[in-house]
Amino acid sequence: MRSDYPEVFQDPAVVDKYQHQVYAPDTYATAVNQRQRRYLRDLVRRSFLVRRPVQHDFACGTGRAIRILHGLVRAAHGYDSSEAMLAKAAQVGAYASLHRVDPAGPVPEPVPSTGPVIVTVFRTLLNADESTRDRAIAFAARILPHWESGLLVVENHGNRSSLRHLRHRRHAGVPWFDELLHSQVAGLLARHGFRVIERRGFALLTRGWYSRRGIRRVAQVVDSLASRVPWLSRWAVNVLYVARRTQSPTGEGGTAGRA
C-alpha cells in the first residue's frame, strides 16, 4: 500500500493518464466499468423503490461512480483531495456538487442530505494505507448512521483470491500491486459498523487477457457471464461489496444479509 496515495493524483498529467489511458475504449478497466454500471443501476432501482437516493462519492476522482448513476439519484456529491481530479470530473461531465477535502486529518463532514443515501468508494481501498481506508469508511458511517439510511458500495480491484494473485511474487514490492482479501474488506467495514449484504465480481480474468485482440472477445464473454453469477465473486479480480449499517434507527441490531 502507498502512504502517499492522496498526493499521487495531484498532478494533472497523472489524472489525464488515468482518464484517457486507463479508461480508454477497449481497455480492461473500461470493460469492468461497463459491467459495474449495469449492476449498480439495477441495484439502485431495486433498493430504492420509494424515493431516489442522494449519492455521496468519496475519493470521487474523475467522477466515474457519479456518471454510472446519472439519472437514478436525486443529487450527487463528489469529494476528493485532488483539485486536478475534481477539475477533470467537471470537464468530463460528472453532474454533481464537487467538494475538495483535506488528504488527511479529521474525517471530512459530508454535505447534509435528507432521505435515503448511497455512498460509493471506488478504486481507493486497495492501494491506500490503513488510515486512509479507515477515513473513507468512517466518512460513510457519518452519512449512514443506521441500516435504513441507505447503502455503502466499495470496490476492491485486487482480490487476493483471484488469478491476479499468481503475479504477486513477480510484483513483490511494486507499490501499485497490493492485494486485499474479502475478509480484510469485510473486517474494515465491520470496524465501522457495516455488514456486507451483497457481493459481486466483474472480472475473473486478468488484464493480460484484454491486451491481445485475438482473445479479448473471449475474455469479455467469460467475464460478462461471470458477473451475473454472485458466488463467482469469490475468485473475481474486481469485486464490489454492498453494505448496510448494523444499527437500526432505535439502536438495535439491524437485519443480517448474505454476501
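This text follows the structure it describes.
(A) Fine view of helix α7 (residues 182-191). Every buried residue of α7 is listed here: H182, V185, L188 and L189. For α7, the arc enclosing every buried residue in end-on projection is 130°, short of the 170-degree limit, so these residues lie on one face. In this structure, α7 carries S183 and R191 as exposed residues pointing more than 90 degrees from its buried face. In this fold, the buried residues of α7 make contact with α6 (130-143), β5 (150-156), β6 (194-203) and β7 (238-245). Looking one or two residues past α7, G193 carries a phi angle of roughly 85°, positive in sign.

(B) How the structure looks around the nonpolar core. In this structure, L40, I118 and V153 are the most contacted members of the largest nonpolar core, which totals 31 residues. The set of elements that each furnish at least two residues to this core consists of α3 (28-47), α4 (64-68), α5 (83-91), β5, β6 and β7. V185, F194, A236 and Y241 belong to the second-largest nonpolar core, a separate cluster that totals 30 residues.

(C) Geometry of the sheet that holds strand β1 (residues 54-58). Taking strand neighbours across the sheet as the criterion, the seven strands line up as β3-β2-β1-β4-β5-β7-β6 in an open arrangement whose pairing is mixed. The sheet terminates laterally at β3 (97-100) and β6, the two strands that pair on one side only. In this sheet, neighbouring strand axes are inclined to one another by 20° on average, regardless of whether the strands run parallel or antiparallel. Here α5 sits on the sheet in contact with β2 (75-80) and β3, set at roughly 170° to β3.

Criteria and thresholds
- Residues numbered from 1 in each chain as written.
- Predicted model: local features only at pLDDT ≥ 70, side-chain atom pairs only at ≥ 80, totals over all residues.
- Heavy atoms only, no water.
- Buried < 20%, exposed > 50% of the residue type's maximum accessible area, 1.4 Å probe, protein only.
- Helix = DSSP H or I, 4+ residues; strand = E, 2+ residues; numbered from the N terminus.
- Arc of directions from axis to C-beta.
- Contact = heavy atoms within 4.5 Å.
- Core = buried A, V, L, I, M, F, W, Y, C linked by side-chain atoms within 4.5 Å.
- Pairing = 2+ DSSP bridges.
- Axes fitted to C-alpha atoms, helices over the stretch in contact; angles between N-to-C directions.

Interpretation note: all reported values are geometric properties and have no functional meaning in isolation.
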